[in-house]
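Inside the fold
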Amino acid sequence: YRRITDPGRLQALLGAVLLVGTLAELGTLMLGLQRTLPLHIAIGVALIPVVLLKLVSTGWRMLRYYTRAPAYRREGPPRSFLRAIAPLLVGSTAALLGSGVGLILAGPHAQFFRAVHGASFALFLVLVGVHAAAHLPKLRRFALADWMTGRRAPGHLLRRSAVTFAVVTGGALAVAAVQSAGPWVTAIQHGIGG
């Protein structure tokens with residue numbers, strides 16, 4: 001597992017995928033859900049396996065750091081303010097994705113899930129903005145190095161395979177979610193769910 005994680009590389013690669021996905025989700029909101037709802041649902045659901053892999057990877061890194069594994073100790077802990085917001089970021093992400101799935105399953109009249117989705121989105125947006133800004137320098141150094149340079153770190157094929165598997169799994173879930181979202185599309189078309 002050490003070769004796949006290579007302190008920071010897997011997390012940075014997943015972070016890059018999540019950053020692109022999050023920006024795409026924001027794009028669907030800016031264009032209006034009346035026109036982009038199926039795409040909004042697809043992107044949101046497709047990100048779930050990537051988020052899960054990121055949480056597992058981050059949990060592993062944290063465990064290895066606190067069990068004093070030398071490679072993880074050399075990389076050091078995140079800055080204190082990032083450690084402070086981490087539980088809120090994880091919680092808001094879980095609430096956002098969970099309430100999104102709840103909305104798909106329960107339909108356009110599920111007021112509880114709509115309220116949770118809106119509130120968690122507001123908190124998520126602020127926290128992920130801070131988190132992404134703090135980690136942008138690592139994206140070039142770690143994530144893009146495995147994909148764009150001739151010098152690849154040990155374990156790059158495993159990292160790429162893990163991320164590809166998460167993205168492909170997310171794509172399959174997204175197709176199923178969009179097919180299940182018929183009531184939402186109908187509601188939006190008739191001005192009920194907007």
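Report follows, based on the coordinates. (Residues numbered from 1 in each chain as written. Predicted model: local features only at pLDDT ≥ 70, side-chain atom pairs only at ≥ 80, totals over all residues. Heavy atoms only, no water.)

**Brief notes about a nonpolar patch on the surface**
Among the surface-exposed residues, Leu 52, Leu 55 and Val 90 lie close enough to one another that they form a single nonpolar patch of about 250 Å² accessible area. Within the secondary structure, Leu 55 is located in helix H3 (residues 33–66). (Patch = residues over 30% accessible without salt bridge, like charges linked within 9 Å, V, L, I, M, F, W, Y side chains within 5 Å. Areas by Shrake-Rupley, 256 points an atom, 1.4 Å probe, with all protein chains shown as cover. Salt bridge = Lys/Arg side-chain N within 4 Å of Asp/Glu carboxyl O. Helix = DSSP H or I, 4+ residues; strand = E, 2+ residues; numbered from the N terminus.)

**Focus: the nonpolar core**
Counting 13 residues, the largest nonpolar core has Leu 14, Leu 18, Val 50, Leu 53 and Val 163 as the members making the most contacts within it. Contributions of two or more residues to this core are made by helix H2 (9–31), H3 and helix H7 (156–180). The dominant element in this core, judged by the number of residues it contributes, is H3, at five residues. Aside from chain neighbours lying at most four places away, what touches Leu 53 is Leu 14, Ala 162, Val 163 and Ala 166. Leu 37, Leu 103, Ala 110 and Trp 184 belong to the second largest nonpolar core, which has 10 residues in total. (Core = buried A, V, L, I, M, F, W, Y, C linked by side-chain atoms within 4.5 Å. Buried < 20%, exposed > 50% of the residue type's maximum accessible area, 1.4 Å probe, protein only. Contact = heavy atoms within 4.5 Å.)

**Digging into the packing of H3 against H7**
Where H3 meets H7, the axes come as close as 7 Å, and the angle between the chain directions of the two elements is 145 degrees. As H3 packs across H7, the resulting crossing turns out to be right-handed. Where H3 abuts H7, its residues Pro 38, Ile 41, Ala 42, Val 45, Ala 46, Pro 49, Val 50 and Leu 53 lie against Ala 162, Val 163, Ala 166, Val 167, Thr 169, Gly 170, Gly 171, Leu 173, Ala 174, Ala 177 and Val 178. Here the residues of the contact of H3 with H7 are counted per class, giving 16 nonpolar, three polar and no charged. (Axes fitted to C-alpha atoms, helices over the stretch in contact; angles between N-to-C directions. Left-handed = near helix turned anticlockwise from the far one by under 90°. Nonpolar A, V, L, I, M, F, W, Y, C, P; charged D, E, K, R; others polar.)

**Here we look at H2**
Here H2 contains 23 residues, and its C-alpha end-to-end distance of 33 Å stays within 8% of the 33 Å for a straight helix at 1.5 Å per residue. For H2, the complete set of buried residues consists of Arg 9, Leu 10, Gln 11, Ala 12, Leu 13, Leu 14, Ala 16, Leu 18, Gly 21, Thr 22, Glu 25 and Thr 28. Gly 32 sits one or two positions beyond H2 and adopts a positive phi of about 100 degrees. (Expected span 1.5 Å × (residues − 1).)

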